[in-house]
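# Working through the structure, step by step
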Amino acid sequence: MNDPTNQAGKNVKPKVEFLALAEELQSYILSFLPWQDILRCTSVCKALRQTYISSSELQYIIELGGQGLLPVPIADPGNHPSVSQRLQLLRDKAHAWFQFNFHTHSFQTVSIEEQFHDVTISLADGHFCLWHLETEDSENWAKIVPLLPKPSEQTVERHWPPESLCPVPDAYIVDVYMDPAQNLIAIAYGVNNDTFQEGRFYVDLRTLDGDGIHPQAAGQTLFLSVHTAQYNHDLLTVTEDLKLKGLGRHLALQCCPVFNDVVSTPRVPWWVQLWDWQHSTRSNSNLSDMMVLQSIDFCFIGNDRLLMVSDDLKLYSIEDVSRKPQLLACYSFPFPVKSIRCITDIAHGSQMQMPAQQTMWTSDSEHRLLCCVVFQSPRLAFAISTRIFFELDSERVGEKAVTFPWEKWGPTNTRLFQDPWQVCVSGNRLLQVFPAGARSRYSIHMMDFSPLAVKRRQGLGRVVKKPSTIEINESGTTLITSLPYVEVVSERVFDAIELIGMWVDTDRIYLAKMLDPPEDDVGFSQMSAVLILICSSLEI
């Protein structure tokens, strides 16, 4: 019975059970599992539970996954916090979000003295990016301003006057995109005397900190391949609204018609052109269609997927820009939508930061939030988990696109909110401004949708797991949504003038208000005197 040979007379090596291995080896093997599987294993076995408690590496993997984050490769291990230090920092930051309170002592102020009529403001990698569209009364300009940088961080601060934005004669600028992480400024423009309708618009690529061509760009100018003929109708005036967006190696320029007369409703064209700007100045990757009195927006979902947002959500693969985007799936809304905007945070990266301040983690595109705001009465905000866009059956990709009705994808993957005044997204966190009871008084609500939010709140905030029901009067629809989250409401209540703008990143919340300068300050014109932007940041 104890003979270590089988019937054939061959030696049989005793089996080594997993639990008999050294604890360090158990931890190493478990580290190759997805974080959810590590949790399952360590929750059903006391021995593995002890291995988990003793291992900072396993705890760090679970903490990252539970917050919807991915680790960033370490460039200089000798000048980097240990795993246990990173774990504690990650937990502290997560817990700090449940303690956010807007007290005077926690604010730092940055003053940006500009005129802010017709100015588009975005937040990217610790910088405010401002772009002013030319009007009858003022010319276009662009500006980038670092916000409370740390001493070791590289920053860019620059102002582009009208004559320096685009040197092309007879050009008019339609949008500007800035990515500080890649030291990139992309300027979309048209040419007034350009009669070649398949290329009325172009994109110029330069560095933020200089005037030369971006060193990683395939060329200075990107060209369109989509047909861009202007549309004229006898009974309807249609102008064009152009948006330039980017993520990593991709840039996209979208053109949508703006209806100035809603009496007549002809079908008019919209289009979007994509480029891999680091590899080619031309691309066959474009989409176009006809639309009737509705808005269209878009956003990148990770590095190789594009989401077109209108009366439904269409998911495309853009991995190969040598051909048209491939439609993967269509997600239907529960009622007709005419005006919609897509809100998401775009993680540019951390290439500009010094090694000592290198980012240790970044948002996972497969496990974060996007928000679709529908402008109707009442205004509605759909908080959507991006995981739904990565759960497609891989065997069906490449075949006919799948259509998902709202009942199949919406209730369990979204949470619907009514009448938000402002909305911001950062990773798995959603910040919304709601009325606080008194007239013109508002409070800020932070909702954390990450899987570990309930565990990390340490008794703070309100856990919301129960489905919520909202009646849509216009369509007579009742919507039930159930994506769970933890909510914290700011103790401080704000006047409307204190919340004219709100932005959020991984570490700070930025609030903006307009203040009048002193009456004896003669350095400001009457117009700019009313439009001084004061940004206050609450560091988490």
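Keep in mind that what you see is a predicted model, and the values were worked out from it rather than measured. (Residues numbered from 1 in each chain as written. Predicted model: local features only at pLDDT ≥ 70, side-chain atom pairs only at ≥ 80, totals over all residues. Heavy atoms only, no water.)

This part covers the overall build of the protein. From N to C terminus, the protein includes nine helices and 35 strands. Out of the 540 residues belonging to the protein, those deemed buried represent 49%. If you take every contact in the protein between residues at least 6 apart in sequence, the share linking residues at least 24 apart comes to 59%. (Helix = DSSP H or I, 4+ residues; strand = E, 2+ residues; numbered from the N terminus. Buried < 20%, exposed > 50% of the residue type's maximum accessible area, 1.4 Å probe, protein only. Contact = heavy atoms within 4.5 Å.)

Once that is clear, we can look at the pattern of salt bridges. A full pass over the atoms with the stated rule returns 14 salt bridges. For Glu63, the salt bridge goes to Arg91, with nearest N and O atoms at 3.3 Å. One end of the pair, Glu63, is in helix α4 (residues 56–66); the other, Arg91, is in helix α5 (residues 83–97), with 28 residues separating them in the sequence. The exposure class of Glu63 is buried, given its relative accessible area of 0%. A relative accessible area of 22% places Arg91 in the partly exposed class. Across the pair Arg429 and Asp448 runs a salt bridge, and its minimum N-O distance is 3.5 Å. Of the two residues, Arg429 sits in strand β26 (residues 429–435) while Asp448 sits in strand β27 (residues 441–448), which places them 19 residues apart along the sequence. Overall, Arg429 belongs to the buried group, its relative accessible area being 13%. Each of Lys243, Lys245 and Asp297 takes part in one network of salt bridges that share partners. (Salt bridge = Lys/Arg side-chain N within 4 Å of Asp/Glu carboxyl O.)

Now for unusual backbone geometry. Positive phi is not limited to glycine here, since Asp125 has a value of about 50°. One can find Asp125 in the loop between β3 (119–124) and β4 (127–132). By relative accessible area, which is 32% here, Asp125 ends up partly exposed. Not every positive phi belongs to a glycine, and Asn183 is a case in point at roughly 55°. Inspection of the secondary structure assignment puts Asn183 in the loop between β7 (171–179) and β8 (184–191). The exposure class assigned to Asn183 is buried, which follows from its relative accessible area of 18%.

What follows concerns the pairing of β27. Among the eight residues in β27, seven count as buried, and that is most of the element. Here β26 runs beside β27; their pairing, made up of seven bridges, is antiparallel. Its bridge partner lying in β27, Arg429 is registered against Asp448. Joining the antiparallel neighbours β26 and β27 is a turn of five residues, in which Gly437 adopts a positive phi near 100°. With two bridges connecting them, β27 and strand β32 (residues 494–495) associate as antiparallel partners. Along β32, the bridge assignment pairs Arg441 with Asp495. (Pairing = 2+ DSSP bridges.)

Attention now moves to empty space enclosed by the protein. The rolling of a water-molecule-sized probe over the atoms marks out the regions of remaining empty space. Using the criterion set out here, one finds two cavities of 30 Å³ or more in the structure. Approximately 70 Å³ is the volume attributed to the largest cavity. As for the largest cavity, its lining consists of ten residues, and the residues nearest its centre are Phe300, Ile301, Gly302, Thr344 and Arg368. Residues belonging to the lining of the largest cavity are distributed by class as follows: four nonpolar, four polar and two charged. Surrounding the second largest cavity, Glu63, Gln67, Ala94, Phe98, Asp448, Ser450, Leu452, Ala453 and Arg456 form its lining. Residue composition of the lining of the second largest cavity, by class: four nonpolar, two polar and three charged. (1 Å grid on protein atoms, 1.4 Å probe; cavity = no way out; pocket = protein on both sides within 12 Å on 5 of 7 lines; lining within 4 Å. Points joined across faces, edges and corners; volume = space filled by probe spheres on them. Nonpolar A, V, L, I, M, F, W, Y, C, P; charged D, E, K, R; others polar.)

Spatial strand order, β19-β21-β22-β24: four strands in an open sheet with antiparallel pairing. Strand pairing shows two members of the sheet lacking a second neighbour, β19 (340–343) and β24 (414–418), which therefore form its edges. Each strand axis lies, on average, 20° off the axis of its neighbour in the sheet, ignoring direction. Strand direction decides the pairing type here: β19 and strand β21 (residues 369–374), joined by four bridges, are antiparallel. Residue pairing in the sheet places Ile343 in a bridge with Cys371 of β21. In the packing of helix α7 (residues 406–413) onto the sheet, contacts are made with β22 (380–385) and β24, and the angle to β24 comes to roughly 75°. (Axes fitted to C-alpha atoms, helices over the stretch in contact; angles between N-to-C directions.)

Now for a nonpolar patch on the surface. Side chains of Leu25, Tyr28, Ile29 and Phe32 sit close together on the surface and give an oily, nonpolar patch of about 420 Å² of accessible area. Mapped onto the fold, Tyr28 is located in helix α1 (residues 23–30). Look at Tyr28 and you get exposed, because its relative accessible area is 51%. (Patch = residues over 30% accessible without salt bridge, like charges linked within 9 Å, V, L, I, M, F, W, Y side chains within 5 Å. Areas by Shrake-Rupley, 256 points an atom, 1.4 Å probe, with all protein chains shown as cover.)

Ranked by size, the top nonpolar core spans 29 residues in total, and within it Leu313, Phe382 and Phe389 carry the most contacts. Ignoring any residue separated from it by four or fewer positions in sequence, one finds Leu313 in contact with Leu307, Met308, Ala329, Cys330, Tyr331, Phe333, Cys372, Ile384, Phe389 and Trp409. (Core = buried A, V, L, I, M, F, W, Y, C linked by side-chain atoms within 4.5 Å.)

Across all of its chains, the model carries 18 aromatic pairs by this definition. Seen from their ring centres, Tyr28 and Phe32 are 5.0 Å apart, and the 85° between their planes marks the pair as edge-to-face. Here Phe32 falls in the exposed class, since its relative accessible area comes to 59%. Aromatic pair Phe417 and Tyr485: ring centres 5.7 Å apart, planes at 65°, arrangement edge-to-face. Of this pair, Phe417 sits in strand β24 while Tyr485 sits in strand β31 (residues 485–489), and the two are 68 residues apart along the sequence. Overall, the relative accessible area of 8% leaves Phe417 in the buried class. Owing to a relative accessible area of 7%, Tyr485 belongs among the buried residues under this scheme. Taken together through their ring pairs, the aromatic side chains of Tyr331, Phe333, Phe335, Phe382, Phe389, Phe404, Trp406 and Trp409 make up a single cluster. A cation over an aromatic ring shows up here: Lys245 above the ring of Phe298, its NZ or CZ 4.6 Å from the ring centre. The cationic tip of Arg282 hangs over the ring face of Phe223; the distance from NZ or CZ to the ring centre is 4.3 Å. (Phe/Tyr/Trp six-rings, centres within 6.5 Å; stacked < 30°, edge-to-face > 60°. Lys NZ or Arg CZ within 6 Å of the ring centre and 35° of its normal.)

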